[in-house]
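Observations on the three-dimensional arrangement
Single-letter residue listing:
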Amino acid sequence: MKKNWTDYLKQVLGWTAPTAATLSSIWSPVQAGPLPVLLPEAHPSNTRLQPLTFVMPNRMEGPEIYIGHRSHSSHRSHSSHRSHYSSAGGYTSPSYSAPVYSPPPPPPPAPVYNAPSMVTTPSWSSPSKTTTAPYQPPAPASGSASSGTTAAPRASQQDAIAMTMRVQVELMRLGYYKGKIDGKMGPGTKEALRAFQRAEGLVVTGMMDNATLARLGFVGK
Amino acid sequence: MLPLHTRAVISGALSRQLLKVLDLAEALRGDVPHEQVAVHLDDGIDVDTGVLRDLRFAAVMRPGATDRRPDDVLPVICGLSNTDVVNPGDVIRVRQDSGQLSVLYRRGANANSLFLTVQCNSRCLMCSQPPRDEDDLWRVRELLDLIPLIDRDLPQLGFTGGEPTLLGPLLPELIRSCKAALPWTGLHILTNGRNFADPAVADSVHDAAGFATWAIPLYADVPSRHDHVVQAAGAFDATVNGIYNLAERGHAIEIRFVVHAQTLPRMQHFAEFIWRNMPFVSHVAFMGLEPMGFAKVNRDLLWVDPVDYGPALAEAAWHLQDRGITTSIYNVPLCVLPKAAWPLARQSISDWKNVYDPACEGCSMRPRCCGFFASHGPAWRSRGIRAFRFDEAAE
């Protein structure tokens with residue numbers, strides 16, 4: 001029987017020109033499709049005017065412990081206004097229990113290195129200066145009840161005074177507050193907070209809610 | 001030059017001698033326990049010190065004020081003779097009785113060192129910190145209190161003395177304390193290395209491997225010369241054995257060589273010796289003489305004008321650098337050092353003892369030059385000191 005020389009030649013060429021024969025099995029950049037690139041979530045109107053920047057360490061985790069009287073549940077009504085940035089932040093699976101302040105433990109014996117708290121997610125988006133409601137974390141999961149009662153978790157008096165002082169110092173540095181640094185939420189402090197919130201496009205509460213604290217640069221411990 | 005000591009007026013009874021000075025914002029962050037903090041207040045700020053007392057702060061510092069304010073309810077440290085000496089971030093020791101205020105740690109200084117002991121088993125002819133035979137273990141206790149107050153972002157912390165290995169088991173304890181409180185800080189420990197000739201002593205400092213560099217002086221390649229410089233028989237053998245014991249346990253080693261009349265004769269041989277026998281060293285430092293302590297007394301034995309030894313020094317230093325051992329030249333101003341050696345010259349003199357000569361006025365190389373020690377007087381002044389014009393420096 002006559003050999004099929006054409007086929008035979010193809011075979012032979014295949015041996016001697018391996019690259020040609022196996023071209024289809026070698027990956028080359030030509031074959032690459034567009035790679036799935038994870039781009040930072042950019043807000044179109046902002047990025048046209050300025051590049052993506054992080055304003056400040058920007059999360060205060062946990063319940064609103066520096067606001068006085070209201071119980072936690074009344075804040076739920078705001079949850080529908082949650083900015084889309086915070087949803088990208090991935091709130092936490094129940095395995096993460098928000099740090100809840102119970103009556104103060106003794107001051108930590110060793111200095112604690114406070115890295116900016118990006119603990120839960122490496123979210124690219126920063127809550128930039130948008131006029132959304134202060135972000136509300138979902139109710140902390142089971143393990144985090146502080147006093148075991150239905151009362152909303154609150155900072156101890158010492159912690160609240162210290163935080164108020166920190167807020168007063170920062171507001172003074174920014175030029176909003178000119179009174180005495182005394183750790184008390186007096187009218188001057190409240191007015192300074194309101195002025196700051198107005199200028200920053202936050203909800204004007206006159207109180208130390210988490211969003212305001214975060215904007216001032218106090219991230220949750 | 002910024003001194004480490006000053007006098008202050010202390011109004012009220014301080015609860016402790018060691019205090020971390022922090023401005024109000026940083027103090028309230030709570031990174032340092034309030035009981036150990038003195039809150040640094042500027043004149044313009046109006047603070048309720050009652051609240052600070054409730055928050056358990058130890059004291060308030062008003063550097064410029066002459067006395068406490070009428071409504072101050074905390075102890076007040078004020079009336080500093082030199083207000084530049086203390087700044088937020090520093091750790092100070094305040095003596096209530098004398099008003100003496102010493103800065104034990106200075107934030108932002110070009111070098112920070114812990115002083116471990118005044119005792120030493122050598123008596124180097126040029127020692128800038130002459131040893132004394134006194135019991136000063138109180139220093140170690142103070143250091144163990146000081147270490148947790150040091151800023152965690154400090155890149156490097158020195159251990160000096162005296163001879164640290166004379167502290168026995170307290171040296172490994174100090175190392176461990178630093179490792180725990182300052183995990184990102186590299187240690188730089190000065191030692192003559194003699195006690196490491198005992199393998200057990202070398203074993204005891206295992207926590208330092210990978211965390212500290214041992215800076216060990218070697219002044220010659222032969223015992224006779226080295227032992228003469230350190231005034232201790234057998235020192236060379238012990239030091240060399242110590243170096244090998246540390247090296248084989250994985251420790252990083254720096255060799256220091258002080259350049260003066262007693263060490264110059266064998267400087268080239270020393271360089272070759274290190275290259276041939278200790279190629280594992282991570283750094284070799286050639287150091288100009290510091291005219292302090294014993295060096296002053298022994299000036300006639302030691303003084304060589306740096307201009308005269310410059311070329312030989314450049315040759316010895318490059319001999320090592322060219323063979324892959326990182327080499328530096330410290331304490332020799334650029335004007336007296338041959339230009340070929342400038343790349344190896346480092347700015348090394350601690351802020352608190354660093355001065356410049358009147359001839360340095362207008363020198364264009366000043367930003368890159370180490371300058372002089374504060375103790376540098378006319379007897380130690382090289383004839384080669386001069387200022388560089390901009391065009392000379394630009395070559």
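For clarity, every value in this text was computed on a predicted model and none was experimentally measured.

A word on helix α6 (residues 223-230) of chain B. Residue and element names in this part refer to chain B. Residues of α6 that are buried: His226, Asp227, Val229 and Val230. One side of α6 carries all its buried residues, which in axial view fall inside an arc of 160°. On its buried face, α6 sits against β12 (212-217) and α7 (235-248).

What follows deals with unusual backbone geometry. All names here are of chain B. Between glycine 161 and the following residue, glycine 162, the backbone shows a cis peptide bond with an omega angle of 20°. Inspection of the secondary structure assignment puts glycine 162 in the loop between β10 (156-160) and α4 (170-181). One non-glycine residue, arginine 56, lies in positive phi territory at about 70°. Positive phi values are uncommon outside glycine, yet asparagine 331 reaches one of about 65°. Mapped onto the elements of the fold, asparagine 331 is located in the loop between β15 (327-330) and β16 (354-355). Note on asparagine 331: relative accessible area 13%, which makes it buried.

Note that arginine 194 of chain B resides in the loop between β11 (186-190) and α5 (199-204). One buried charged residue, arginine 194 of chain B, forms no salt bridge at all, with the nearest opposite charge on aspartate 227 of chain B at 7.4 Å.

As a further point, take the sheet that holds strand β14 (residues 283-287) of chain B. Residue and element names in this part refer to chain B. Spatially, seven strands are ordered β9-β10-β11-β12-β13-β14-β15 in an open sheet, and the strand pairing comes out parallel. Of all the strands in the sheet, just β9 (113-115) and β15 have a single pairing partner and so form its edges. Neighbour-to-neighbour, the strand axes of this sheet turn through a mean angle of 20°, independent of strand direction. The pairing of β14 with β15 spans four bridges and is classified as parallel. Its bridge partner lying in β15, alanine 285 is registered against serine 328. α4 contacts β10, β11 and β12 of the sheet and is inclined by roughly 165° relative to β10.

The rules behind the values
Residues numbered from 1 in each chain as written. Chains lettered and ligands numbered in written order. Predicted model: local features only at pLDDT ≥ 70, side-chain atom pairs only at ≥ 80, totals over all residues. Heavy atoms only, no water. Buried < 20%, exposed > 50% of the residue type's maximum accessible area, 1.4 Å probe, protein only. Helix = DSSP H or I, 4+ residues; strand = E, 2+ residues; numbered from the N terminus. Arc of directions from axis to C-beta. Contact = heavy atoms within 4.5 Å. Lys, Arg positive; Asp, Glu negative; His and termini not counted. Salt bridge = Lys/Arg side-chain N within 4 Å of Asp/Glu carboxyl O. Pairing = 2+ DSSP bridges. Axes fitted to C-alpha atoms, helices over the stretch in contact; angles between N-to-C directions.

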